[in-house]
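Notes for the structure review
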Amino acid sequence: MTWEHTGKGGQQGPSPPDPECRAKVVAFISQRTGIVIRPHQLDNLNETLAALYERFNLADCQALLNHFQNLPDTSPELEFLISRITVGESYFFRDENQIAFLRDTWLPQTVAAKREAGELSLRIWSAGCSNGQEVVTLAILLQETIPDHPLWKIHLLGSDINTNSLSQAMIGRYPEWSFRATPMTLRQRYFISENNAWRVNETIRSMSQFAYLNLVDDTFPSVLSQTNGLDLILCRNVFIYFDPETVRRVLAKFVDCLVPGGYLILGASDLVLDQVPGCEARLHGDHLYFRKLTEAESSPPAQPSWQEISSPRSSPGWKGKSPPTSTTALKESWPPSAKPGKRSSAQPLPPASKVGIFTATQAPSTPDTPALLDPSTTRGTASTRQQLITRLAREEWQEALAELEQLAEGEKQHPLMGQFQAKIMANLGQMDQALELCQTAIAADPTDKHIYLIQGQAFLEAGRFGEAEKSLRRGIFLDRGFVECHFHLGMHLIQSKRRQAGIKALKNAARAIQSGHPDWQVHNARAISYSQLASVLQKELSVYDP
C-alpha cells in the first residue's frame with residue numbers, strides 16, 4: 001500500500017505520519033503490547049498505519065492515536081494492528097532439537113518423577129501460541145509418551161495476544177503447509193482430512209484450552225488465568241518483539257509461575273539474559289533451557305553454570321556432542337508408548353496445585369470482607385498476626401503455616417482461620433487436608449460464601465469437577481453478585497464443553513463486577529483488582545462469544 005492513494009469519493013488519502021507522531025505510535029505499541037518496532041520495521045509500520053486510516057476511517061496519525069488510547073485490547077483496531085506487526089505463521093513440531101528434548105528427556109524424566117511421587121498431573125503453558133500448532137504438538141507428545149494418559153490430570157494452556165489467532169486455534173483446522181515437519185503417521189493418527197486441510201481430532205482438542213493473555217499485563221501467575229503451579233512453560237519466538245527490560249519483567253513472572261524444578265523453554269532466536277534469577281541454565285545440545293531451583297538447592301551463581309542435560313534415549317558417551325538421533329522432527333518409527341527414562345538428579349517435583357490467597361490488604365476494602373484478625377475480636381500478639389498476614393500475601397506457605405501454629409488458642413478460633421488453613425494446605429498440595437478444613441469451616445459457619453469459593457477451587461485442582469461446581473453454585477446462592485464464583489464456574493463450564501452455560505456465567509460475573517470498586521482485590525487471586533478481572537472477562541467473552 002502506498003501513501004498517495006485516492007480515498008472514497010475520489011478524495012486524496014492521508015499523508016504519511018511525521019516522524020514525531022510515528023514515534024508516539026511506536027511508544028504506544030510498546031507500552032500497550034510490549035512489542036518494540038525496530039528501525040527495519042518502520043516501512044511496514046507506515047503501510048500498517050495507512051491501512052488503519054482507510055479501514056477505520058481515521059484522518060491522520062494524531063486521530064489514530066486519540067482513537068486508540070481508550071480502546072480495549074480485543075478491539076478490531078488493535079487486533080488489526082497486532083496482526084500486521086507480528087508474524088503469526090507457525091507449524092507443527094517446529095524446532096526439531098527442542099522437540100527431541102521434550103520427547104526424549106524432559107517428558108520421560110518428569111513422568112518418572114511424578115509416578116514415583118504418586119502425582120499423575122502435568123501443567124503446561126504455551127505463551128504466545130499463535131494459531132495453536134505448538135499446543136497441538138504438545139498434546140500429541142503427551143499422547144505418544146504417556147501410555148496411561150487418560151488417568152492423568154493434564155492442564156495444557158495456550159495463550160496469545162491476538163484473538164483472531166486464538167479463534168483459529170480453537171477451530172483446529174490447518175493447511176498443508178503447517179505439516180511440513182510432521183510425520184505422515186502422526187498426521188493420519190491425530191488429524192482428519194477435510195476440504196484440502198486437516199482438522200485436529202477430538203481427542204487432541206479435548207486436551208487443550210486457549211485464552212487471551214497479554215504478557216506485559218501483570219495478570220500472572222494467577223489461578224484466574226490458570227498460569228499457576230506450572231511444570232513447563234514454552235515461550236518461543238516471542239521475546240524477539242520485546243526490549244530487554246520487558247524480557248526481564250516477563251521472565252521474572254514466568255519463574256513465579258513454575259513449580260520448583262519446572263522448566264522454561266524459549267526460542268533459539270529469542271533475546272534472553274545471561275541468567276534468570278531463581279533458575280539454573282542448562283544445555284541440551286546447542287539449546288539453552290532454564291530450570292527453576294528447588295528450595296533445597298543453593299541460589300544461582302553470579303555467572304551461569306551450564307549443565308549438560310543427558311537424554312535417557314541417547315548413549316552414555318555422547319555428552320557434549322550431538323546425540324545420534326535422526327534429523328527429522330519425529331522419526332516415522334517413533335513408538336506410541338515411549339518408556340520413561342531414568343529419573344533426573346533434581347529433587348522430586350512438588351504438587352502442581354496452587355490456590356490463590358485471600359488478599360490480606362484491600363484498598364478500599366470490599367463491603368463484605370470480614371475484619372482480618374482484629375485485636376478487639378481475637379487474642380494473641382499483633383506481631384504474630386501481622387507476620388501471618390505478610391506470609392500469606394507473599395505466598396510463603398510453609399512459613400505461614402508455622403506462624404499460624406504460633407497463634408494463641410483463642411485466636412485460632414477466629415472464623416478466618418479456617419480459610420487461611422485451607423488455602424495454606426491447598427497451596428502446599430495437600431488437597432485432601434484442605435478440603436477437610438473447608439468442610440470443618442462450613443460446619444462452623446455455613447453462611448460464609450468465601451469458604452465455598454476456596455472449596456470449589458480446591459475441588460477443581462483435585463479434578464473433582466462435579467463437587468467443584470456444587471461448591472461454586474453454593475457461593476453464588478449466598479450472594480448472587482459473587483463475582484469470583486461466577487467467573488470460576490463459567491470457565492469450568494466452558495472447559496467441560498458446556499459453552500453456552502459457561503458464557504452465561506461469565507456474563508453474570510461481568511454484570512456483577514460493575515457494582516464493585518475498580519481497586520477492590522479479587523478473592524483468592526494474587527494481587528488482581530476488579531478492574532483487571534473486568535478486562536479478563538471481556539477478553540474471555542470475546543474469545544468464546546464473539
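From a predicted model like this one, the values you see are computed outputs, not experimental measurements. (Residues numbered from 1 in each chain as written. Predicted model: local features only at pLDDT ≥ 70, side-chain atom pairs only at ≥ 80, totals over all residues. Heavy atoms only, no water.)

1. Thoughts on the pattern of salt bridges
Tallied over the full model, the rule gives 17 salt bridges. Close ionic contact of Arg248 with Glu245 constitutes a salt bridge, the shortest N to O distance being 2.7 Å. Within this pair, Arg248 and its partner Glu245 are both found in helix H10 (residues 244-257), separated by three residues, close to a single helical turn. Its relative accessible area of 40% is what places Arg248 among the partly exposed residues. A residue is classified by how much of its surface remains accessible, and Glu245, at 40% relative accessible area, is partly exposed. Across the salt bridge formed by Arg473 and Glu469, the nearest N and O atoms sit 3.2 Å from each other. One end of the pair is Arg473 and the other is Glu469, both in helix H17 (residues 465-478) and four residues apart, which spans about a single turn. (Salt bridge = Lys/Arg side-chain N within 4 Å of Asp/Glu carboxyl O. Helix = DSSP H or I, 4+ residues; strand = E, 2+ residues; numbered from the N terminus. Buried < 20%, exposed > 50% of the residue type's maximum accessible area, 1.4 Å probe, protein only.)

2. Topic: the state of the cysteines
The term disulfide refers to a covalent linkage connecting the sulfur atoms of a pair of cysteines. Applying the stated rule across the entire model yields one disulfide. What pairs with Cys21 in a disulfide is Cys61, and their sulfur atoms sit 2.1 Å apart. The sign of the -100° torsion about the S-S bond sets the Cys21-Cys61 disulfide as left-handed. Remark: Cys61 occurs in helix H3 (residues 61-68) and Cys21 occurs in helix H1 (residues 19-33); sequence separation between them is 40 residues. (Disulfide = S-S within 2.5 Å.)

3. Considerations on the nonpolar core
In this structure, Ile29, Phe68, Trp125, Leu215, Phe239, Phe242 and Phe254 are the most contacted members of the largest nonpolar core, which totals 48 residues. For this core, the leading source of residues is H10, giving six residues. For Leu215, the contacting residues outside a window of four places in its chain are Trp125, Ala127, Phe220, Cys235, Val238, Phe242, Val250, Lys253 and Phe254. Ranked by size, the runner-up nonpolar core spans 41 residues in total, among them Phe92, Val135, Phe191 and Ile204. (Core = buried A, V, L, I, M, F, W, Y, C linked by side-chain atoms within 4.5 Å. Contact = heavy atoms within 4.5 Å.)

4. Overview of empty space enclosed by the protein
Inspection of the entire model under this criterion finds eight cavities of 30 Å³ or more. Each pocket or cavity is described by its volume, and for the second largest cavity that value is around 110 Å³. What lines the second largest cavity is Tyr212, Leu213, Asn214, Asp217, Thr219, Ser225, Gln532, Ser535, Val536, Lys539 and Glu540. Per-element accounting of the lining of the second largest cavity gives the leading share, five residues, to helix H20 (residues 530-544). In the lining of the second largest cavity, the residues fall into three nonpolar, five polar and three charged. (1 Å grid on protein atoms, 1.4 Å probe; cavity = no way out; pocket = protein on both sides within 12 Å on 5 of 7 lines; lining within 4 Å. Points joined across faces, edges and corners; volume = space filled by probe spheres on them. Nonpolar A, V, L, I, M, F, W, Y, C, P; charged D, E, K, R; others polar.)

5. With respect to the environment of Met431
Position of Met431 among the secondary structure elements: in helix H15 (residues 431-444). Owing to a relative accessible area of 8%, Met431 belongs among the buried residues under this scheme. Sequence-wise, Met431 and Ala458 are 27 residues apart; in three dimensions their C-alpha atoms are separated by 6.4 Å.

6. Quick word on the layout of surface pockets
A probe as big as a water molecule, rolled over the atoms, marks out the empty space that is left. Reported here for the largest pocket is a volume of approximately 1,200 Å³. Those elements that provide at least two residues to the lining of the largest pocket are helix H6 (133-145), strand S2 (153-160), helix H7 (163-171), helix H9 (202-207), strand S6 (208-212), helix H16 (449-461), helix H18 (483-495) and H20. For the lining of the largest pocket, the residue count by class is 23 nonpolar, 16 polar and six charged.

7. Notes on the sheet that holds strand S5 (residues 197-200)
The three strands are arranged S3-S5-S4 in an open sheet whose pairing can be described as antiparallel. One side of each edge strand has no neighbouring strand; the edge strands of this open sheet are strand S3 (173-174) and strand S4 (191-194). (Pairing = 2+ DSSP bridges.)

8. Side note on the pairing of strand S10 (residues 287-292)
Most of S10 is tucked away: five of the six residues are buried. Both strand S8 (residues 258-266) and S10 contribute to a ladder of three bridges, which runs antiparallel. Counterpart to Leu264 in the pairing with S10 is Phe290.

9. Some words on the confidence of the model for the protein
In the predicted model, the protein carries a mean pLDDT of 76, and 76% of its residues have values of at least 70. Taken together, the stretch residues 308-380 has pLDDT below 50 and engages in 192 contacts with residues farther than four places along the chain or on a different chain. (pLDDT = per-residue confidence, 0-100.)

10. Digging into the environment of Arg499
With respect to the helices and strands, Arg499 occurs in helix H19 (residues 499-513). As a C-alpha pair, Arg499 and Asp545 span 46 residues in sequence and 9.0 Å in three-dimensional space.

11. With respect to the side chain of Asp104
Looking at the secondary structure, you find Asp104 in helix H5 (residues 96-117). At 2.7 Å, the side chain of Asp104 forms a polar contact with the side chain of Arg103. (Polar contact = N/O pair within 3.5 Å; in protein donor to acceptor, adjacent residues only side chain to side chain.)

12. Notes on helix H2 (residues 42-56)
The end-to-end C-alpha distance of H2, which contains 15 residues, comes to 21 Å, matching closely the 21 Å that a straight helix rising 1.5 Å per residue would cover. Listed as buried for H2 are Leu45, Asn46, Thr48, Leu49, Ala50, Ala51, Leu52 and Tyr53. Close packing links the buried residues of H2 with H1, H3 and helix H4 (76-85). Count one or two residues on from H2 and you reach Asn57, which has phi positive near 60°. (Expected span 1.5 Å × (residues − 1).)

13. So, the side chain of Ser471
Here Ser471 lies in helix H17. Sequence-distant contacts of Ser471, defined by excluding residues within four places in its chain, comprise Tyr452, Gln455, Gly456 and Phe459.

14. Examining the packing of H16 against H18
Packed helices, taken two at a time, are described by the angle between their axes plus the distance between the axes. Where H16 meets H18, the axes come as close as 10 Å, and the angle between the chain directions of the two elements is 20°. Put simply, H16 runs roughly parallel to H18. Like other packed secondary-structure pairs, H16 and H18 cross with a definite hand, here left-handed. For the pair formed by H16 and H18, the contact residues are Leu453, Gln457 and Leu460 on the first element and Glu484, Cys485, His488 and His492 on the second. Split by residue class, the contact of H16 with H18 holds three nonpolar, three polar and one charged. (Axes fitted to C-alpha atoms, helices over the stretch in contact; angles between N-to-C directions. Parallel < 35°, antiparallel > 145°, perpendicular 65-115°, else oblique. Left-handed = near helix turned anticlockwise from the far one by under 90°.)

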